[in-house]
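An overview of the molecular structure
Residues per chain are reported as follows:
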Amino acid sequence: MAAPQQIIAEIMETIIYHNPKCSKSRQTLHLLEKRGIKPKIIEYLKTPPSKTEMKKILDLLGLEPRQLMRKQEPEYAQARLDNASLPRDALIDAMLEHPKLIERPIVLANGKAALGRPPENVLKILC
C-alpha cells in the first residue's frame, strides 16, 4: 500500500498528454511552466493512455470519444470512424490503436481535465 503522502502527491500531480510537434501543445506546456508548474509530460504518441485512463480522461472532460478525435487525420477515414453506429468502446479502442487521433494537449490537475485548445483553457483547472 502506498504511503498517504505518495497518494496525495499522485492526486495533486499535474499531467500533460503532449505532442512536442504540436504548437498548441508546446504553448500549453510553456503556459504551465511559466506559472511554476512542472507537469509530468506524457508523449502520448509514444505512450498512449490505457483504456481505463482514456475512459477517465473522457469522463473528466465531459466528452464522448468522437468529440476528442482529430477527424481530419487519414486514420479516421480509413477506419470508418464516422460510422454513427460504432459503440463507445470501439471508438476508444481506435484512439488507442491510433493515438494520432487523440486531440491534444490534455492536462490533468486537481482531479480535473482540460483540453488546451486554446492553451488558456487549462487555467480553469489549476486552482
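The structure contained in this document is the topic of the report that follows. As the structure is a computational prediction, the values presented were derived from the model and not from experiment.

**Details of the pairing of strand 4 (residues 112-115)**
Strand residues, when the strand is regular, have side chains that alternate between the two faces of the sheet. Relative to strand 4, strand 3 (residues 106-109) runs antiparallel, the two sharing four bridges. The residue bridging L108 from the neighbouring strand is A113, located in strand 4. Here strand 3 folds back onto strand 4, and the loop between the two strands holds two residues, one of which, N110, carries a positive phi near 55°.

**Some remarks on unusual backbone geometry**
Look at the link from R104 to P105: it is a cis peptide, with omega at -5°. Mapped onto the fold, P105 is located in the loop between helix 5 (88-97) and strand 3. R117 connects to P118 through a cis peptide bond whose omega is 0°. In this structure, P118 sits in the segment after strand 4. Of note, R80 is a non-glycine position whose phi angle comes to about 55°, a positive value. Along the chain, R80 turns up in the loop between helix 4 (74-78) and helix 5. Although it is not a glycine, N110 sits at a positive phi angle of roughly 55°.

Definitions and limits used
Residues numbered from 1 in each chain as written. Predicted model: local features only at pLDDT ≥ 70, side-chain atom pairs only at ≥ 80, totals over all residues. Heavy atoms only, no water. Pairing = 2+ DSSP bridges. Helix = DSSP H or I, 4+ residues; strand = E, 2+ residues; numbered from the N terminus.

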